[in-house]
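Reading the structure
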Amino acid sequence: MWVSTIRSASYRYLFKNSYHLIRLKSVSSVAQLSPYFSDSSSDEQNGNTQMKNSTNNILEVNSYWVTEMLNSLKEEPENALLFFRQLKESGFKHDVQTYMAMVRTFCYWGMDMKLDSLFLEVINCGKKDLGFEVSDLFEELVEGLNAEGPNSLVRALDALVKAYASLRMFDEAIDVLFKTKRCGFGLSVLSCNYLMNRLVECGKVDMAVAVYKQLKRIAVKPNVYTYGIVIKALCRKGSLEEAVNVFEEMEKAGETPNEFTYSTYIEGLCSYGRSDLAYDVLRAWKGANLPLDVYAYTAVIRGFVNEKRLQEAEIVLLDMEEQELIPDAFSYGAIIHGYCDAGNITKALDFHDKMEARGIKSNCVIVSSILQCLCKNGKACYVVDQFSSFMKQGIFLDEVAYNVVIDALCKLGRFGEAVKLLDEMKGKKMTLDIMHYTTFINGYCLHGKILDALELFEEMKEKGLKPDVITYNVLAGGFSRNGLVKEALHLLDHMKGQGLTPTTVTHNVIIEGLCVGGYAEEAEAFFSSLEYKSVENYAAMVNGYCELGNTKDAYELFVRLSKQGILIRRNSRLKLLTSLCLEGEYGKAIKLFEIVLTLDDDTCKIMYSKLIACLSSAGDMKRARWVFDNMVWRGLTPDVVIYTMMLNGYCKVNHLQEAVNLFDDMKERGISPDVITYTVMLDGHSKNVKRDRLSSDTGRNGGERKDTWWNNGEKTDPSTFWSEMKEMELKADVICYTVLIDRHCKSDNIDDAIRLFTEMIDRGLEPDSVTYTALICGYCKQGQVEMAKDLVNEMWSKGIQPDSHTISALHHGIIKAKKVHLRHNNNSGKSEVIRSS
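Scope of this entry: the structure provided in the associated data block. (Residues numbered from 1 in each chain as written. Predicted model: local features only at pLDDT ≥ 70, side-chain atom pairs only at ≥ 80, totals over all residues. Heavy atoms only, no water.)

Some remarks on the overall build of the chain
When helices and strands are tallied, the chain shows 45 helices and four strands. Residues counted as buried form 47% of the 837 residues belonging to the chain. Excluding contacts between residues fewer than 6 apart, the proportion of contacts in the chain whose partners are at least 24 apart in sequence is 61%. About 42,200 Å² of surface is accessible on the chain, with carbon and sulfur atoms providing 51% of the total. (Helix = DSSP H or I, 4+ residues; strand = E, 2+ residues; numbered from the N terminus. Buried < 20%, exposed > 50% of the residue type's maximum accessible area, 1.4 Å probe, protein only. Contact = heavy atoms within 4.5 Å. Areas by Shrake-Rupley, 256 points an atom, 1.4 Å probe, with all protein chains shown as cover.)

Structure, rendered in structure tokens:
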């Protein structure tokens, strides 16, 4: 009878109680349930009553009554949970018993997610809020297990281990794991796997392996996923042989490796930087018809991308298709992200097009990566266009994608469009956070709209968003660029008042901002006012001097610091090096380089590349070769870009023998020339032929024409470069074809030039104005002016504007043709006179 009365009261509570308190409508109900309510006689004696409403009784309930209610609702878990939550919201303080009642209900119905959430709540709230600790709940669970048997509450202990592991409270999770075993109960292998996997993902691989070994000691039988997790852990710590041994353990235990196990081993090799070995293993296993899926290939692709080996990543993608495995968005996304990270937006977009052409739908992560790459490359206009294109394609665009395009619009000064996008986000119920407001503030600051930036800053605070250090840095930079030094200093004080400490970055933003705005004296004064000057602050001052075009002071500051053994960051060194090279201060640039070599063993390869590029471009090949040789001497291998820059430098100064020797050295080191390298060599030969013909007309005097270079006593025909390109299956681009066409025109091989011109068009390459001009010059040289005129007309029809060089070549060709025609007529007249006499 009393159980049905309690159930009736609970329904009234659940469905009629708008204040989340128990309101009983009749005195009889109160009388029937009085044993389950707390004693309130003392309240009555003090004149207080439980009748707080004229029509309803509000009664304080005790833990025993709530527990009974929850137990009675075991068959109705959703109502039980609602009852539990509403009591808590009304101010009732649940204890171990009421929580245990919910635990039993969740275990009974297998409601694992609800169980996980309950334990997370207990762990996060702690004794201060709940009045008991997790250890108290654990003891209750163990007692329950002893009383009810192992099948009822083991699920709860599994959930407790998972909850601790998800919060990275690994010591506590392991403690529960082994305490449970000591109590005579075994947890499921699933919770053990979860714990080990979390340990691996958080970088605690040794602890994960230790847990695995302990599990074997306490007779917990690993499954195929346990072995996979251990293999991943061993690979990540570099114990590759031990990882292979785990496969043998699996075989002995009668477990057959599956796609997960194989993929995990491959992924582990990649995470240790051995993607090449992972790919070898992948191909070997695939050849043995072992079960491998798309994930394994994607893991190798991602590994090569992380190692910046994008060409190898492409090869793996092609291999997938050959194996009739269909790449997914993750496979393509990894390569697209890699090219975006490398700044190669052309390749990124190319792969995005290929992905969509294969019917694989793009996603917001991939498109955000593309948009961010465009923004970093300074192509704000393209960001806006690409965003619109993605939207028309129906690709879901999240808050990150919107923020990137808003940033682009702000940088372009198109604030009206940016505001419309912001309104569009609000209409789509997207969450506007600090990032979006900071982006807008930065845009206003970049365009000198300081008042607008401040208004938005205030609006942001009014909406309950607290500005962070980045927001303050952006605003400080805006003040500084506009010479508002006092305002910038006031902002620093305001930051401190908000509990935020100005960082080195904050100070650097002000220093560099003042310099960008041209306020050199103010920047120096602020720099001097800093009580503690970090190396980063000095670097900012060097950057600032470079922005002001004051490389003299920047260089002197760098030298002064270096004498104290202080070396500023790489980016600042590169900035100073670039500024010195641009001003032709190559001596100082070399000195800076020598100082860096003295103080820094890990010299940046970019510095070598930058210096070689500048010196080669200036034709100072002696110094360029010194830098190149120094690089090799230090054990750094020059890449194809550095070799190509050196070759171009030698060709420019007509040191062709050195170019040929260096070209051979490049191939001997196993570095394959690319299209640009071959183009440089062919262009060098073409210009060499022109110089030889200008200096001496050896052909007329019976001498040998210098269409060949000498290499180790043997003649090297430039056509060999073209043959090598074809052997290596390198496809010539427009520039390469233009160089070849120009060479043939200058060598009076107009037919070969026309053949190449036709070939490039057949290959789908569009000639540019330089290509047309080269062939027009060739026609004019041969006196074929009409053909040259036709080419000019063709340029106009294709929308290619002929430049002054094109028009000049045609003009000279026409004049030359007229002179030849006039000379021919004069000679014909003289012949007639001779015959008539």
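Regarding the packing of aromatic side chains
Summed over all chains, the structure comprises 26 aromatic pairs. Taken together, the ring pairs connect Phe247, Tyr262, Tyr265 and Trp285 into an aromatic cluster. We note Lys74 situated over the ring of Tyr108; from NZ or CZ to the ring centre the distance is 4.6 Å. (Phe/Tyr/Trp six-rings, centres within 6.5 Å; stacked < 30°, edge-to-face > 60°. Lys NZ or Arg CZ within 6 Å of the ring centre and 35° of its normal.)

Here's the deal with unusual backbone geometry
A positive phi angle, close to 60 degrees, is found at Asn289, a residue other than glycine. One can find Asn289 in the loop between helix H16 (275–287) and helix H17 (294–306). The class for Asn289 is exposed, based on a relative accessible area of 70%.

Focus on the packing of helix H21 (residues 364–376) against helix H22 (residues 380–392)
Across the interface, H21 lies against H22 with an axial gap of 9 Å and an inter-helix angle of 165 degrees. What the angle tells us is that H21 and H22 run roughly antiparallel. In the crossing of H21 with H22, the sense of the turn from one axis to the other is right-handed. Residue-level contacts link Val367, Ile370, Leu371, Leu374 and Cys375 of H21 to Tyr382, Val383, Gln386, Phe387 and Phe390 of H22. Residue composition of the contact of H21 with H22, by class: nine nonpolar, one polar and no charged. (Axes fitted to C-alpha atoms, helices over the stretch in contact; angles between N-to-C directions. Parallel < 35°, antiparallel > 145°, perpendicular 65-115°, else oblique. Left-handed = near helix turned anticlockwise from the far one by under 90°. Nonpolar A, V, L, I, M, F, W, Y, C, P; charged D, E, K, R; others polar.)

Quick word on the pattern of salt bridges
The tally for this structure, following the rule as stated, stands at 36 salt bridges. Asp112 is the salt-bridge partner of Arg155, the closest N and O atoms lying 2.9 Å from each other. One end of the pair, Arg155, is in helix H9 (residues 150–166); the other, Asp112, is in helix H7 (residues 112–130), and 43 residues separate them in sequence. A relative accessible area of 36% means that Arg155 is categorised as partly exposed. Lys179 serves as the salt-bridge partner of Asp175, at 3.3 Å between the closest nitrogen and oxygen. Residue Asp175 and its partner Lys179 are both found in helix H10 (residues 170–182); the two are separated by four residues, about one turn of the helix. Judged by its relative accessible area of 34%, Lys179 falls in the partly exposed class. Because the salt bridges share partners, they merge into one network encompassing Arg85, Lys88 and Glu121. (Salt bridge = Lys/Arg side-chain N within 4 Å of Asp/Glu carboxyl O.)

Focus on helix H18 (residues 310–322)
Taking 1.5 Å of rise per residue, 13 residues should cover 18 Å, and H18 covers 19 Å from first to last C-alpha, within 8% of that figure. What H18 keeps buried is the set Leu310, Ala313, Glu314, Val316, Leu317, Asp319 and Met320. Summarising the contacts, the buried residues of H18 are in contact with H16, H17, helix H19 (329–341) and helix H20 (345–357). (Expected span 1.5 Å × (residues − 1).)

Structural notes on the state of the cysteines
One pass over the structure, following the stated rule, counts zero disulfides. The cysteine Cys546 is free of any disulfide, with Cys515 supplying the nearest cysteine sulfur at 9.7 Å. (Disulfide = S-S within 2.5 Å.)

A short note on the side chain of Lys232
Position of Lys232 among the secondary structure elements: in helix H13 (residues 224–236). Take Lys232: its relative accessible area is 7%, and that puts it in the buried class. When neighbours within four sequence positions are excluded, Lys232 is seen to be in contact with Asn197, Val200, Glu201, Thr264 and Glu267.

Observations concerning the packing of helix H15 (residues 259–271) against H16
Running from amino to carboxyl end, H15 crosses H16 at an angle of 155 degrees, the nearest separation of the two axes being 7 Å. The angle between the axes of H15 and H16 places the two elements in the roughly antiparallel class. Regarding H15 and H16, the two cross each other, and that crossing is right-handed. Seen from H15, the contacting residues are Tyr262, Tyr265, Ile266, Leu269 and Cys270; seen from H16, they are Ser275, Leu277, Ala278, Val281, Leu282 and Trp285. By residue class, the composition of the contact of H15 with H16 is 10 nonpolar, one polar and no charged.

Coordinates in, geometry out; function isn't part of it.
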